[in-house]
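# Observations on the three-dimensional arrangement
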Amino acid sequence: MITVILVNPKYSGNVGAIARNMKNFGVKELRIVGNSDILDEEAYIRAVHAKDILDNAKLYNSLEEAIGDIDFVVATSGAIGGDRNLKRVPITPRELAKKSLEIEGKIGIVFGREDDGLTNEELELCDLLVSIPTSEEYPIMNVSHAVSVILYELYVTRIEHEREIPYNVKMRVASKLEKEILIKLFNEFVDNSDIPDYRKDLCKVIFKRIISRAFISGKEANTLMCVFRERKKD
């Protein structure tokens, strides 16, 4: 259940190549934010045998609208921040692929503009950030190549997983709604705490990133909810 989401793509050739990459790795749903004229003749030429993906592509006015029914939203970026910018602390595509096995529902992978990528505001709408390790000599990849790398990792990991003997019993992963409620309760806890105002937003960002990376179970999420609800009563 993978959906590729392109935010304001500039070059129709890239969109066509992305459709072809999607077909290579069994991904069928393409969503495009803005630039409704991008599906032109060049896009269809580059798509080759993946023209049906372009035919069925869905157009949206905003990223928020495009991810409305997505259960887990992954942002991609070549510009990472480390400790200097906690909104841009990424995992690798391989780490994402392993974690994706635990996700139930739709996974949306968001790719930004060819020149500017995704804004911090757009990153805040996403649950996790992924970045492809590349050479320092030329760190930024073409967006169609980045799509190919990430979808390849997801595809290969899924194949390898399906070959394993499925005797292990897995816990139910927390739903999108459970995680949203948990994050909301934490944010309310932070707002009502004695933490300095300038640190509150940072605490909220860090907690959301921790919950996204941990892939917590439904039981774990509900246990934490109970803790924050009790603190709220106090």
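Calculation notes
Residues numbered from 1 in each chain as written. Predicted model: local features only at pLDDT ≥ 70, side-chain atom pairs only at ≥ 80, totals over all residues. Heavy atoms only, no water. Helix = DSSP H or I, 4+ residues; strand = E, 2+ residues; numbered from the N terminus. Buried < 20%, exposed > 50% of the residue type's maximum accessible area, 1.4 Å probe, protein only. Polar contact = N/O pair within 3.5 Å; in protein donor to acceptor, adjacent residues only side chain to side chain. Salt bridge = Lys/Arg side-chain N within 4 Å of Asp/Glu carboxyl O. Pairing = 2+ DSSP bridges. Axes fitted to C-alpha atoms, helices over the stretch in contact; angles between N-to-C directions. pLDDT = per-residue confidence, 0-100. Contact = heavy atoms within 4.5 Å. Parallel < 35°, antiparallel > 145°, perpendicular 65-115°, else oblique. Left-handed = near helix turned anticlockwise from the far one by under 90°. Nonpolar A, V, L, I, M, F, W, Y, C, P; charged D, E, K, R; others polar. Right-handed = clockwise from strand over helix to strand, strands pointing away.

## Looking at the side chain of Arg 31
With respect to the helices and strands, the residue Arg 31 is situated in strand S2 (residues 29–33). Relative accessible area serves as the criterion here: at 1%, Arg 31 is assigned to the buried category. Of note is the side chain of Arg 31, whose polar atom sits 3.0 Å from the side chain of Glu 29. A polar side-chain atom of Arg 31 sits 2.6 Å from the main-chain carbonyl oxygen of Ala 66.

## Focus on the pattern of salt bridges
Taken as a whole and assessed by the stated rule, the structure comprises twelve salt bridges. Between Arg 94 and Glu 153 there is a salt bridge whose closest N-O contact spans 2.9 Å. Residue Arg 94 is located in helix H5 (residues 93–100), and its partner Glu 153 is located in helix H7 (residues 143–163); the two are separated by 59 residues in the primary sequence. Each of the salt bridges in this network shares a partner with another, and the network as a whole consists of Glu 29, Arg 31, Lys 58, Asp 69 and Lys 106.

## Observations regarding the environment of Leu 177
With respect to the secondary-structure elements, Leu 177 resides in helix H8 (residues 176–191). On the accessibility criterion, Leu 177 (54% relative accessible area) is exposed.

## Points about the sheet that holds S2
If you trace the six strands from one edge of the open sheet to the other, you get S3-S2-S1-S5-S4-S6, paired in parallel fashion. Only two strands of the sheet have a single partner each, and these edge strands are strand S3 (58–60) and strand S6 (128–130). Across the sheet, the axes of successive neighbouring strands diverge by a mean angle of 25°, strand direction being ignored. Both S2 and S3 contribute to a ladder of three bridges, which runs parallel. Residue pairing in the sheet places Ile 32 in a bridge with Leu 59 of S3.

## A word on the confidence of the model for the protein chain
Within the protein chain, residue pLDDT values average 87, and 90% of them lie at 70 or more. The least confident element of the protein chain, judged by mean pLDDT, is helix H10 (residues 218–233) at 81; the most confident is S2 at 98. A low-confidence stretch, residues 165–169 stays under pLDDT 50, and its non-local contacts, those more than four residues away or across chains, total zero contacts.

## A look at unusual backbone geometry
Notably, Asn 35 is not glycine yet its phi reads approximately 50°, a positive angle. Note that Asn 35 resides in the loop between S2 and helix H2 (41–47). Residue classification places Asn 35 among the partly exposed positions, given a relative accessible area of 34%.

## Topic: the packing of helix H1 (residues 12–24) against H7
The interhelical angle for the contact between H1 and H7, taken along N-to-C directions, is 15°, at an axis separation of 8 Å. Taken as axis vectors, H1 and H7 run roughly parallel relative to one another. Considering only the axes of H1 and H7, their crossing is right-handed. Of the residues in H7, those touching H1 at Asn 14, Ala 17, Ile 18, Asn 21 and Met 22 are Val 143, Ser 144, Val 147, Ser 148 and Leu 151. Counted by class, the contact of H1 with H7 contains six nonpolar, four polar and no charged residues.

## Observations concerning the pairing of strand S1 (residues 2–7)
Across the six residues of S1, six count as buried, placing the element largely inside the fold. Alternating residues of S1 divide into Ile 2, Val 4 and Leu 6 and Thr 3, Ile 5 and Val 7, and every residue in both groups is buried. For S1 and strand S5 (residues 107–111), the ladder comprises five bridges, and the chain directions are parallel. Directly across from Thr 3, in S5, lies its bridge partner Gly 108. Of the pairings in the sheet, the one linking S1 to S2 comprises five bridges and is parallel in character. From the neighbouring strand, Leu 6 faces S2, where its bridge partner is Ile 32. Note on the crossover from S1 through H1 to S2: the handedness is right-handed.

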